Amino acid sequence: MALSVKDGHALATFRKAAVVTHKILKHSFVRLLEDAFDQAKSITHEEIATHVDECCEHPSKVNIKSPQGHYESCYFPIVQSGGKYDIRPSASTNGETLSDDVIIISLGVRYNFHCANMARTFFVDPVESVRLNYSILLELRRECLAVMLAGRCVGSVAETANRFIRQRCPHLLKFLPKNFGFGLGLDFRESSLIMNAKNQRKFAQNMVFNLAIGFHDLELTDMQKADAQGSIRKLSKYSMLIADTVLIQSGDEPPDIVTKHSVEWKDVSYFINEKNDKDIMPPQGKHYTPEQVESQSAIMSSRLRERSKACAPDRSSLARNEKQAELMQQKLSVKRSEKSSAWSQQGQLSSRADILEVDVYQSAGEYPRDLPSSEVYVDMQGQVLFAPINGSQVPFHISMIKNAVQPDPDRTATYLRLNFFTPGQTASKDIAPATSKLIEQHGHNSMFIKEMLYRSRESQRLTAAHRMIQELRKRFRQHAAKAAEEADLIPQEKLVKMRDQRIPRMADLTMRPFISGKKTTGTLEAHTNGLRFTSKKHEIVDIMYGNIKHSLFQPCENEVMVLIHFYLKNPVLVGRKKSQNVQFLTEVVDASVALDSARRSMYDPDELDEEQRERQLRKKLNEMFKEFCKKMERVAKHHRFHLEFDIPYRDLGFHGVPNREMVLIQPTVRCLVNLTETPFFLVELDRVEHIHFERCTFRSKNFDMIIILQNFDVLPLSINAVPMNELDAIQEWLTDCSITYTAGQASMSWKSVMNLVKGDPRFYEETDEHGESKPAGWQFLQADDNHDGNEEEDDGDEDYSAGDDDDEDEDEEDEDEEEDDEEDVNGDDDEVGV
């Protein structure tokens, strides 16, 4: 018993052995497993176990620097799949081929005579019953860890496990093993510390145990396998096992699990076989958690892998149209109930809107003491211009001055002309919004001065006044621009640094938008309540976990960079500008590469080596960023924050022009994004009201995708020049996301359309104010298209005449004019994000 309690040196040795065990499982077995699935290659259990055993003997194969001969395998690794399972420590590996169903791996590493052990179960295309049983196993594991406290009986682990299963799932009691682990020491398995119900020994501080929780030979019925995909359909029985090396702490502290490999469902489950759409679509009225949505979307992502088959999807076009009609009716019923309350709230808000009056001086006694009586004077502090009128100084706030001009002087005098903002003028871009509202409010019952001209024989005074007026106008515009920039900024909480544990950190990252200069590089760290980026110039940007709305990780496949992107709930100041999108990236290759004038052969060994190094670098960076994302998720979860990274689905992506250039636009679970080019394009799917496709004709090679947002005050976003062969796939994806769409042949002036929609209180009704029928909601876009389409179908080739050529020329001219109008409507935005 005395040897069971370890000293500090032995505990450090156990921890090193546990770290190596975790690294080998992660970088050797898991990688070999994923490669076998990705490349569909056949490999036996014994070949996998041999490879893992070699890594245990030589950890340098998984990039672990250690002296030669200090590490060795506790036993030959155990790999099982295909329906033949044994979760006892005495199990052995057979020579059968690895099967893509339920896979159990057990391995142990000995370092300086001390052993660490762990086991994990991986699932390929699992059915729902398997997932439910695994979730029960995780709960059972938490219950067992809760009783592994110093002073408690070793047998209490088995008693707690049996009691939990008897109360929670009695039908699983017969699948529980009799032993739930054993003590670890110089011997791999200490016979006096086996965790069964008969053991009355006590847990003590600094004891080390192998906790092994599992179910053996669970039954898998034909009913449970009705929707199964892959090799799991062949299983009639399966097992699952989770084992970890656990260190007993002092007092009531929970035990420390030193083998850190994740046991979460999303990290041990793989979906590699396709399912039909009917298996993907959730039933009506049922709501899924984000984890379930993500797993279903992962299955769905492979559905559109072949673009050439987009014209023949699993769901027929007729069924898709019926689904769209159902979605449109649901939207109309919801909007009709919301519209009346929205209009009443809008009227209340507009009536309560207050206009702030400009009030610099309460009385004439507060005027500057050195104010001259007959000169143009500028109060820089009060932002006021004093203009003498009939011997009295009259104050004018600088926001009311449109411009100040000095005409050419004559022989005897110098002139200064002051122009003011007045009602009836065309709105200037220099006018402040508050000034415009004041003019609109007082324009009907007040008199305004439009222009004043001053003449002076002393040129120096008017020239100095003109210079000060221009300087004050410049300062006022800068201050107003800064105030508008910071108007919706919400103060963030202070970052709390982690000090009691190792800080997840990633160096040499480039941040976009740049803080200063042409490029910003630095280090990103994960702390208690947020992230901190520190540039090489010691500039700091903090991002709180609570302010992150969407977090995205995009690996580099065909791109030149691997990146992490955050879309924030509230914008933050980056440098001197506010931004709602913050991105951290590393370039795999330079975006612009200078090529030699000489042609290089495809068999050039230097070029082949360069391509090989680039592929290896891509793979390494993807793994580094993925691991860093998992660390950030663990830190946030440990401090009770929700942070979950989403990966764009490349198979569902399509090309288009959201800003100025053709890019690949990819959907995620909750967004539609392009993150590689600036300005970033990110649209939240839950804020999309409707999608309309323009220029959808048989003779067109591409079309435009218009995204109408729920906020009608924001101009619809457009993705131009989308290839026509992507239309069916995009419509299929929108239907899966329950987003309505229409298609039309003409381009529209969306600024005018949205003004009409906002001003129509019966937009979602089927009748107008006179009781006449009309298309409800966005159906008017489809109605115009159907009318035009019927007319085109009536025109056949037999009706061709010489005058048709002129009609086609006129149509082409009309299309050119419509495209020009569309460019004027869309404009150029610095950043697109909704």
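This text goes with the structure placed above it.
Residues numbered from 1 in each chain as written. Predicted model: local features only at pLDDT ≥ 70, side-chain atom pairs only at ≥ 80, totals over all residues. Heavy atoms only, no water.

Participant: Describe in detail the overall build of the protein, supporting the description with residues and values.
Facilitator: Counting its secondary structure elements, the protein contains 15 helices and 32 strands. Burial status across the protein gives 46% buried among its 834 residues. Pairs at least 24 residues apart make up 64% of the contacts formed inside the protein by residues separated by at least 6 positions. Total accessible area on the protein is roughly 45,600 Å²; 48% of this is exposed by carbon and sulfur atoms. (Helix = DSSP H or I, 4+ residues; strand = E, 2+ residues; numbered from the N terminus. Buried < 20%, exposed > 50% of the residue type's maximum accessible area, 1.4 Å probe, protein only. Contact = heavy atoms within 4.5 Å. Areas by Shrake-Rupley, 256 points an atom, 1.4 Å probe, with all protein chains shown as cover.)

Participant: I'd like a description of the pattern of salt bridges, backed by residues and values.
Facilitator: Side chains that differ in sign of charge can pair as their charged atoms come close. Per the counting criterion, the structure on display carries 31 salt bridges. The salt bridge partner of Arg505 is Glu525, with a shortest N-O separation of 2.8 Å. You can see Arg505 sitting in strand S16 (residues 505-512) and its partner Glu525 sitting in strand S17 (residues 521-526), a full 20 residues away along the chain. What makes Arg505 partly exposed here is its relative accessible area of 47%. Under the relative-accessibility criterion, Glu525 is labelled buried at 16%. In this structure, a network of salt bridges that share partners links the residues Arg15, Asp256 and Lys260. (Salt bridge = Lys/Arg side-chain N within 4 Å of Asp/Glu carboxyl O.)

Participant: Any chance you could break down the sheet that holds strand S23 (residues 645-646) for me, citing the residues and the numbers?
Facilitator: The 8 strands lie next to each other as S19-S18-S17-S16-S22-S21-S20-S23, forming an open sheet whose pairing is mixed. A single partner strand is all that each edge strand has here, and the edge strands are strand S19 (540-544) and S23. Of the strand pairs in this sheet, strand S20 (residues 548-554) and S23 are connected by 2 bridges, and their pairing is parallel. The residue bridging Leu552 from the neighbouring strand is Asp646, located in S23. Helix H11 (residues 605-638) contacts S16, S17, strand S18 (530-535), S20, strand S21 (561-574), strand S22 (577-587) and S23 of the sheet and is inclined by roughly 35 degrees relative to S21. (Pairing = 2+ DSSP bridges. Axes fitted to C-alpha atoms, helices over the stretch in contact; angles between N-to-C directions.)

Participant: Explain the state of the cysteines to me, and be specific about the residues and the numbers.
Facilitator: Put plainly, two cysteines are in a disulfide when a covalent bond ties their sulfur atoms together. Under the defined criterion, the tally for this structure stands at 0 disulfides. A disulfide-free cysteine, Cys74 has its sulfur positioned 3.5 Å from the sulfur of Cys115, the nearest such atom. (Disulfide = S-S within 2.5 Å.)

Participant: Any details on the sheet that holds strand S28 (residues 688-694)? Residues and values, ideally.
Facilitator: Taking strand neighbours across the sheet as the criterion, the 4 strands line up as S30-S29-S28-S31 in an open arrangement whose pairing is mixed. Edge positions in the sheet fall to strand S30 (717-723) and strand S31 (741-743), since each of these pairs with one other strand and no more. Mean inter-strand twist for the sheet, computed between neighbouring axes without regard to direction, equals 20 degrees. The strands touched by helix H12 (residues 727-736) are S28, strand S29 (702-709), S30 and S31; relative to S28, the strand with the most contacts, the crossing angle is about 165 degrees.

Participant: How would you sum up the packing of helix H1 (residues 8-39) against helix H2 (residues 45-57)? Please name residues and give values.
Facilitator: One can describe the packing of H1 onto H2 by two numbers: an axis separation of 10 Å at closest approach and a directional angle of 155 degrees. With respect to H2, the axis of H1 lies roughly antiparallel. Where H1 crosses over H2, the handedness of that crossing is right-handed. The residues of H2 that touch H1, namely those facing Ile24, Ser28, Phe29 and Leu32, are Ile48, His51, Val52, Cys55 and Cys56. (Parallel < 35°, antiparallel > 145°, perpendicular 65-115°, else oblique. Left-handed = near helix turned anticlockwise from the far one by under 90°.)

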